Every structure is written in C-alpha cells, then in structure tokens.
Amino acid sequence: MRILVVGGGGREHALLWKLKQSPRVTALFCAPGNAGIASIAECVSIPSDDVKGLVRFALDNAIDLTVVGPELPLTLGLVDRLGDVGLRAFGPTAAAAQLEGSKVFAKELLRQLRIPTAFFGAFDDPDDAVRYVQEVGAPIVVKADGLASGKGVFICPRVEDALEAIEQVMRSRLFGDAGGRIVVEEFLEGEELSFMAITDGTTVVPLAPAQDHKRAFDGDHGPNTGGMGAYSPPPLATRALEKHVMRDIMEPVVRGLAAQGIRYTGVLYAGLMVSEGRAKVLEFNVRFGDPEAQVLLLRLRTDLVELFERVCTGRLAGTVLDWDPRAAACIVLAAEGYPGTVVKGQEITGLDGVADWKDGVVFHAGTRYDGAVRTDGGRVLGVTALGSTIAEAVREAYAAAERIHWPGMHYRRDIGHRALARGKDAHGNA
Ligand code: AMP
C-alpha cells in the first residue's frame, strides 16, 4: 500500500514511524515532512494547505491512502476533494472538521446535545459581547471562533481583560476572519485531560488517554504553546472517567453529528477540564494532538494501516486496540524565542548519540537538512521514551534530551509533574 502523510511535525513523524512498521506498506510519502521524516519516507515539497497540489500528487502517484495530520487541510476540505476523485483518506470531511474550525459550531452542538461544557454566549457583534461580559463578570474566557494556531483563547481574570480581548479579536482582527465571531464562556477550574477516540462514524473506540503541558515554562507558567510535553497514561484518567467521557461526550457527539447528516471519521480529540471525576469539554480537535500523538503511537501495538483502513471502510466495530502496558513521556525541545518569533537555522548536535535508542525515539518537528540537521521551527524535536512507570519514562526521556544541543534550545524540566505528584500512574504503579 502506498501512503501519503500530510504535515511536517512531530505528530507526522510519529505517524510515519508507526506506519512503517506495517508489513502492508510498500511506499511512504510525506508532504512536506522534515529532516527526521526524510529518513523513513520520501518528502515532497507541497505545503499541507495546498489542497489542489496534494490531490494532484495523490492521483499522479497512485496513493492508496492519505493520512491528514494537521487541522487546516481538513477544514479546507482535503478529504472531500480526495473523495471526489475516488481516493481514500483518513480524517474528517470539511463539514465534520467544523468541530475544530468553528468554536461557535462546536459549542452550539454541545448545547443542543446537552453535553457538559462551560456556559457560554456566541457573538458576531462586539457591542453585544461587551454587554454580556459586563453582565456576567470575570473571570471569563474569550475565544476567537476560527483557527488561530492555538493562540485565539484569552483567559481573562478581570472584566477589563475581557474587554481588551474583544477589542483585539473582533475590532483589530488580530486573527483576521477567525475573529469575526467569538465565544465568551465561563472559566472552568480543574485538571485538563486530552481524550482521543477513533471513529468510523458509527463505532467509537477510545485511544489511551494522555496529558499534555500547554504553557511554555516550568510550573505551568508563561504563554500557551502548541504543547511542551506529554505523557500517557495519566493517573487522572481512571476507568470510571473513561467510561463517563465515552458515554456522555464522545459517543453522543458522533451520533449527534450523524443525526445532522455529518458522518465523522478519523480521530476525535476532546480537550477536557476534569473536576471531581466529571469532565466538561473545553474544545474539540479533529486530528491527533501533538505531542500527545508521539506518546500514544509509541505505546500502540495495533497495526496502524489496518486500523486506518477499518475507519475508512466503516469496519471499526469489534476493534480492540493493543497497547504497550508501559508508560510513555515526550519532552519537546524548542527553539530560542518559542512560542514567539523563533531563531531558525541552528545546527543540532548530539542526534547520533540517540539514533539507536532502545527505549525511545526522537521525533522531529521543525527541522531541515542541508548537510547538517538544523532548526527550522518553534518546536524542534519530541524526545519520547517508554518506561515501566511515568517517572521512569520521564527520566529516560530527559537523559536522552540532555545529549542533544543547539544554541538557544530550551525545554521544560517538569514534564509529568502532575502525575508524579500523585505518585502513581493509571496502572497503580509508583
Ligand atoms: P482551547 O484551545 O479552547 O482548548 O483553549 C486553550 C487552553 O485555554 C485550554 O487548554 C485551557 O488551558 C484554557 N481554557 C480554555 N477554555 C477554558 C475555560 N472555559 N476555562 C478555563 N480554561 C480554559
């Protein structure tokens, strides 16, 4: 089978690393890929949002399956356009991808289906939004409706902060058209959990739970990022919580969309806030999280090609996923300046020392190769390790991270701190 993966981050490297293990694969391509991906797949320089270019490439190269990593091509309808020419793809259609592409769409669906989420108002007129904020008070959260690279969410401790956020998003159009509408919602307290499931539109199968670290600096301080690290399985995700999330959130969403004529296929990711054993939805993503994908794919034993095929052909019923019982942790190594403007082009040293690493993989994200491997983005590498406990996986990952270097490299030193503070992982291992 000839497979094309769309994207060029750590998630896509992990997907290709896992796909490559399948005996069913005959050729692997990635658009656009990165320096690490280039060692396991043929990289083609088509940007991941060039829908026409990707469809043409898939047709010209007899691609049997296209796996779409990031959200943008999904919301732009890549899966639909591949379908139009008779090609198979893993990921939701543009209609289904609205769950991530429009926060108003997602929140209204949640309200309609009575799925637990923060109380909210949706506005296309800034004056109405201002009146609402003044009425309900702070703390409150302001969210741009459309895709804003994870930067469109403002946690506002005071009313003035919310008014400023409305000004920036709706009037100054900080995120362009993504800020034409906003959601203003209740501030929720609790602990965050990433919950992903895979679905063919009818059957919904949970993936192993994971937790990530969104803030740039230790102690969960600093600005939000795409994710500075992740681990799986977190102690927060008990069997009872998983059952509750599947029954009260994941399955109703897939069924609710189907009732509106929207068949959701692919990975459905719910960002949850958990408090006292109950979960509320913060947001949906319509693809694997990154870096969560890196820890999950390291733990997954099931053949990924077989799994994706079952999703694409509506044969997911009866699928039981096989997971490595060990824990996994990922430490993201970031470039100087991240999550702001980053310095690119720095030579990365020390990768040879982790090339034959037995208990882990260094997944590449923002890297390129020109005789040397160089930094080429904000999140540069995902150092991902297995261990008998989260504590061991974290230790193993940090030991590998310490061998890698470039000027300005930074990473968090406290990945897994919430799990380690609880002293046990989900298997009850200390
Ligand atoms: P989102 O992209 O909607 O997940 O928001 C990004 C981050 O903002 C989340 O991971 C949370 O840390 C935080 N967040 C979003 N919505 C809320 C909320 N209603 N209450 C508290 N924190 C929130």
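Everything numeric here is computed off the predicted structure, so don't read it as measured data. (Residues numbered from 1 in each chain as written. Predicted model: local features only at pLDDT ≥ 70, side-chain atom pairs only at ≥ 80, totals over all residues. Heavy atoms only, no water.)

Asker: Teacher, can you tell me more about the packing of aromatic side chains here?
Answerer: Considering all chains together, one arrives at six aromatic pairs under this definition. It is Arg 413 that lies over the ring of Tyr 411; its NZ or CZ is 4.1 Å from the centre. (Phe/Tyr/Trp six-rings, centres within 6.5 Å; stacked < 30°, edge-to-face > 60°. Lys NZ or Arg CZ within 6 Å of the ring centre and 35° of its normal.)

Asker: Got a minute to help me understand the environment of Arg 247 in this structure?
Answerer: By the secondary structure assignment, Arg 247 is in helix 9 (residues 239–259). Along the sequence, Arg 247 and Cys 30 sit 217 residues apart, while their C-alpha atoms lie 36 Å from each other. (Helix = DSSP H or I, 4+ residues; strand = E, 2+ residues; numbered from the N terminus.)

Asker: Where do I start with helix 11 (residues 304–312) in this structure?
Answerer: Each α-helix winds once per 3.6 residues, and so residues spaced three or four apart point in a common direction. Here helix 11 has its buried residues at Leu 304, Val 305, Leu 307, Phe 308, Glu 309 and Val 311. Measuring from the backbone nitrogen of Val 305 back to the side-chain oxygen at the start of helix 11 gives 2.8 Å, which picks out Asp 303 as the cap. After helix 11 finishes, the residue Gly 314 shows a positive phi value of roughly 70°. (Buried < 20%, exposed > 50% of the residue type's maximum accessible area, 1.4 Å probe, protein only. Polar contact = N/O pair within 3.5 Å; in protein donor to acceptor, adjacent residues only side chain to side chain.)

Asker: Please clarify how the pairing of strand 15 (residues 229–232) should be interpreted in this entry.
Answerer: Within a regular strand, the side chains alternate between the two sheet faces. Neither face of strand 15 is open: one carries Gly 229 and Tyr 231, the other Ala 230 and Ser 232, and all of them are buried. The pairing of strand 12 (residues 211–212) with strand 15 spans two bridges and is antiparallel. Residue Asp 212 lies in a different strand from strand 15, and its bridge partner there is Ala 230. The pairing of strand 15 with strand 18 (residues 327–334) spans four bridges and is antiparallel. Bridging from a neighbouring strand, Gly 229 pairs with Ile 331 of strand 18. (Pairing = 2+ DSSP bridges.)

Asker: What should I look at first to understand the sheet that holds strand 1 (residues 2–7) in this one?
Answerer: Backbone hydrogen bonds are what pair the strands of a sheet, in a parallel or an antiparallel way. Across the sheet, which stays open at both edges, the five strands sit in the order 3-2-1-4-5 with parallel pairing between neighbours. The sheet is open, and its two borders are formed by strand 3 (42–43) and strand 5 (89–90), each paired with just one other strand. Contacting strand 1, strand 2 (27–32) and strand 4 (65–68), helix 1 (residues 10–19) crosses the sheet at an angle of about 165° to strand 1. (Contact = heavy atoms within 4.5 Å. Axes fitted to C-alpha atoms, helices over the stretch in contact; angles between N-to-C directions.)

Asker: Explain the pattern of salt bridges to me, please; I cannot follow it from the model alone.
Answerer: Side-chain pairs of opposite charge can arise whenever the charged atoms involved come near each other. Per the counting criterion, the structure on display carries 31 salt bridges. Salt-bridge contacts for Glu 306 lead to Arg 24; the nearest nitrogen and oxygen are separated by 3.3 Å. Within this pair, whereas Glu 306 is found in helix 11, its partner Arg 24 is found in the loop between helix 1 and strand 2, the two being separated by 282 residues in sequence. Look at Glu 306 and you get partly exposed, because its relative accessible area is 26%. You can call Arg 24 partly exposed: its relative accessible area is 32%. Beyond isolated ion pairs, a larger network of salt bridges with shared partners links Arg 24, Arg 88, Glu 306, Glu 309 and Arg 310. (Salt bridge = Lys/Arg side-chain N within 4 Å of Asp/Glu carboxyl O.)

Asker: Explain the sheet that holds strand 6 (residues 120–123) to me, please; I cannot follow it from the model alone.
Answerer: With respect to topology, four strands assemble into an open sheet ordered 6-9-7-8, the strand pairing being antiparallel. Of all strands in the sheet, those with a lone pairing partner are strand 6 and strand 8 (153–156), marking the two edges. Neighbour to neighbour, the strand axes of the sheet diverge by 15° on average, direction disregarded. As judged from the four bridges shared by strand 7 (residues 140–144) and strand 8, these two strands associate in the antiparallel manner. Opposite Lys 143, over in strand 8, you have Val 153 as the bridge partner. Each of strand 6, strand 7 and strand 9 (182–186) is contacted by helix 7 (residues 126–136), which is oriented at about 160° to strand 6, the strand it contacts most.

Asker: Please explain the site of the ligand as it appears in this structure.
Answerer: Close to the ligand lie 14 residues, the nearest being Glu 185, Glu 186, Leu 188, Glu 192 and Glu 283. A distance of 2.9 Å separates an oxygen atom of the ligand from a polar side-chain atom of Glu 283. Listed by contribution, the elements that provide at least two residues to the shell around the ligand are strand 7, strand 8, strand 9 and strand 17 (278–285). Classifying every residue of the shell around the ligand by side-chain character gives seven nonpolar, no polar and seven charged. (Near = heavy atom within 4 Å. Nonpolar A, V, L, I, M, F, W, Y, C, P; charged D, E, K, R; others polar.)

In short, the description is geometric, and any link to function would need to be established separately.
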